[in-house]
Each structure stands twice: as structure tokens, then as C-alpha cells.
Amino acid sequence: RNADADADGRTREGDAGSASQPREPPREFEILPEESGRVLGRKGETIQVIERESGARLDLDKAAGKLAITGAKEVQDKAVELVLAEVSYMKVAGEDGQVLKDERKEKTTGDDGGTEKPLPTKLWVKDREAGKVIGRGGETVRKIMEASSTDVKVQKSEDMRRGSTEREIRIYGTTEQQKEGLALVLAEVTWAKGESGALLKGTADGADPPERQEEPRARDHGP
């Protein structure tokens, strides 16, 4: 059965496993809400592939990043493996749930392993300029991440709120890394605002800066 998106943003998948396999209680996980689109894929293609290859049923709450996987134990394990390949962070649901993957932590934890990871820098850019940050085939955002040692996540257009003209960008790393990453992102756009709503670049109305007009040339009337 194809994935059906409910009005509240939850996506339910088809029946899990086969009748010969004992069904386990659903296992619940947490992923980053901004990475829900990676699990869903365009028009639900990725989550359908995960269900088809694992035999599990997936129930994803996009807004909260909550994921429930239903099926036999082997089926659930296979689905978890496939989801892990799509995301940078995943943990078992609950306050004390086991972290199954956290690539951000590997990038931002100090050499002694004890440095706490600061909250990411959040900013918003115009939807039409988000492509400048990403670049052709992701080339620009990769260069930004390599130059600043950060992890930069650009919201996908399909995850934007209806009617919105802005896309969220999150920059993960140490405080200094985030500052450097922010400067590199701002260099690619003409308008951006921060989490508090304060402008980081551009004008309040978001209009593009006026083009510089050339001075009119004096006519040469001859001798």
C-alpha cells in the first residue's frame, strides 16, 4: 500500500512483515525533524523503498521527528539499518534512549571527548537564494562545511511551510566553527535573518539591492 500523508503530517505505511513471523511491539525512535524529508523522500519514495526492502511498517511524524517501526524483530532491525543510512542523528525514543547515530557529535566534540556541543546557529534565507548556498550538486555547501569544519543543513523546499518564502539553515559545530560557517553562508546570499528575527544581511523588506546605474555619457557634438 502506498504511503498516505495524513493532515497532521503523519505518514503511515502498509502492513508489516509476513503472517508467519511474530509481530513485535512497535519500536519508537527520534530523528532530527529537519531530516524527516530524507526518510520520506520525494513524494514518499524513500520511505516506500525502506518498507519494501525491510517488510516493516513506518509511521513518521515529520514535525516532531518521531518514527515508529512495526513488524517482526528481523524486519524492524532491517528497517532501522535502512533509516540510519538516511540520517545523521537517530536515537531510541525516551529520555534515556540509546543514541544509534550522531555524526554531528563526532564533528563537534573536542579531542578529550568531554566538550559539550553548542546549539546550532539558525538563520533563514530567501527560498530563491537557498540554491546559491547548496550549489550545483551540493558543491558550495560542501566547500562551506570543509572550510569551517561545520555541518550545514539546508531545509528542503518540500519541507517549507505553505506560503513561506524563506528556508531555514542550521549550522552545527563549535562556537567558532559556527561563526566561520555563518560568514561563509552569508557571503552567498543577499538577505538573511537570525533566530531572533534580526536581520543578518539585506534590507527589512527583503528587496534585492538596487543595481548600480551607469552615468550617462556626454554626447559628442563634434567641432
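This one's a predicted model, so the numbers in the text were calculated from it and none came from an experiment.

## A few points about the overall build of the protein
Part 1 of the argument: A tally of regular secondary structure across the protein gives seven helices and 12 strands.
Part 2 of the argument: Taking all 223 residues of the protein together, the buried fraction comes to 39%.
Part 3 of the argument: Sequence-distant contacts, at least 24 apart, represent 60% of the contacts inside the protein between residues at least 6 apart.
Part 4 of the argument: Entry remark: accessible area of the protein is about 13900 Å², with carbon and sulfur atoms responsible for 46%.

## Some words on the pairing of strand β4 (residues 57-61)
Part 1 of the argument: Where burial is concerned, most of β4 is hidden: four out of the five residues are buried.
Part 2 of the argument: Between β4 and strand β5 (residues 66-71), which follow one another and run antiparallel, lie four residues, and Gly65 among them has a positive phi close to 70°.

## Thoughts on the packing of helix α5 (residues 127-134) against helix α6 (residues 139-148)
Part 1 of the argument: The contact between α5 and α6 brings their axes to 5 Å, and the two run at 60°. By the angle between their axes, α5 is oblique relative to α6. On α6, the residues touching Lys132, Val133 and Ile134 of α5 are Glu139, Thr140, Val141 and Ile144.
Part 2 of the argument: Classifying every residue of the contact of α5 with α6 by side-chain character gives four nonpolar, one polar and two charged.

## With respect to the nonpolar core
Part 1 of the argument: Within the largest apolar cluster, 19 residues are counted, with the highest numbers of intra-cluster contacts made by Val39, Leu58, Ile69 and Met90.
Part 2 of the argument: A total of five residues in this core trace back to one element, the largest contributor, which is helix α3 (residues 73-84).
Part 3 of the argument: Look past the residues within four positions of Val39 in its chain and what remains in contact with it is Ile31, Thr46, Ile47, Ile50, Leu60, Val83 and Val87.
Part 4 of the argument: One finds Val141, Ile144, Met145 and Val189 within the second-largest nonpolar core, a separate group that totals 16 residues.

## Concerning the sheet that holds strand β10 (residues 166-172)
Part 1 of the argument: Taking strand neighbours across the sheet as the criterion, the five strands line up as β9-β10-β8-β11-β12 in an open arrangement whose pairing is antiparallel. In this open sheet, the two strands that pair with only one neighbour each are β9 (151-154) and β12 (199-201). On average, adjacent strands in this sheet sit at an angle of 30° to one another, irrespective of strand direction.
Part 2 of the argument: As defined by bridge partners, strand β11 (residues 192-194) adjoins β12 across two bridges and the pair is classed as antiparallel. Within the sheet, the bridge partner assigned to Ala192 lies in β12 and is Lys201.
Part 3 of the argument: Strand contacts of helix α7 (residues 175-186): β8 (121-126), β10, β11 and β12, with the helix running at about 150° to β10, the strand carrying the most contacts.

## Some remarks on unusual backbone geometry
Negative phi values dominate among residues other than glycine, just as trans dominates among peptide bonds.
Part 1 of the argument: Positive phi is not limited to glycine here, since Lys43 has a value of about 55°.
Part 2 of the argument: Looking at the secondary structure, you find Lys43 in the loop between α1 (36-40) and α2 (45-54).
Part 3 of the argument: Here Ser149, not a glycine, exhibits a phi torsion of approximately 60°, which is positive.
Part 4 of the argument: Mapped onto the fold, Ser149 is located in the loop between α6 and β9.

## Thoughts on the packing of aromatic side chains
Part 1 of the argument: For the structure shown, the criterion picks out zero aromatic pairs.
Part 2 of the argument: Over the face of the ring belonging to Trp191 we find Lys126, whose NZ or CZ atom lies 4.3 Å from the ring centre.

## Describing the confidence of the model for the protein
Part 1 of the argument: Per-residue pLDDT for the protein has a mean of 82; in total, 75% of the residues score no lower than 70.
Part 2 of the argument: pLDDT under 50 marks residues 1-19. Its contacts with residues more than four places away, or in other chains, come to 46 contacts.
Part 3 of the argument: Low confidence marks residues 106-111, where pLDDT is under 50. Its contacts with residues over four positions away, or in another chain, come to 11 contacts.

## Looking at the pattern of salt bridges
Part 1 of the argument: By the definition in use, this model includes 17 salt bridges.
Part 2 of the argument: Residue Arg27 pairs with Asp77 through a salt bridge whose shortest N-O separation is 2.7 Å. A residue pair is termed long-range when its members are at least 10 positions apart, and Arg27 in strand β3 (residues 24-31) and Asp77 in helix α3 qualify at 50 residues.
Part 3 of the argument: For Asp77, a relative accessible area of 31% translates into the label partly exposed.
Part 4 of the argument: Here Glu139 makes a salt bridge to Lys143, at a shortest N to O gap of 3.3 Å. Pair noted here: Glu139 and Lys143 are both in helix α6, with a separation of four residues, about one helical turn.
Part 5 of the argument: A network of salt bridges, in which partner residues are shared, links Glu35, Arg38, Asp151 and Lys153.

Conventions and cut-offs
- Residues numbered from 1 in each chain as written.
- Predicted model: local features only at pLDDT ≥ 70, side-chain atom pairs only at ≥ 80, totals over all residues.
- Heavy atoms only, no water.
- Helix = DSSP H or I, 4+ residues; strand = E, 2+ residues; numbered from the N terminus.
- Buried < 20%, exposed > 50% of the residue type's maximum accessible area, 1.4 Å probe, protein only.
- Contact = heavy atoms within 4.5 Å.
- Areas by Shrake-Rupley, 256 points an atom, 1.4 Å probe, with all protein chains shown as cover.
- Pairing = 2+ DSSP bridges.
- Axes fitted to C-alpha atoms, helices over the stretch in contact; angles between N-to-C directions.
- Parallel < 35°, antiparallel > 145°, perpendicular 65-115°, else oblique.
- Nonpolar A, V, L, I, M, F, W, Y, C, P; charged D, E, K, R; others polar.
- Core = buried A, V, L, I, M, F, W, Y, C linked by side-chain atoms within 4.5 Å.
- Phe/Tyr/Trp six-rings, centres within 6.5 Å; stacked < 30°, edge-to-face > 60°.
- Lys NZ or Arg CZ within 6 Å of the ring centre and 35° of its normal.
- pLDDT = per-residue confidence, 0-100.
- Salt bridge = Lys/Arg side-chain N within 4 Å of Asp/Glu carboxyl O.

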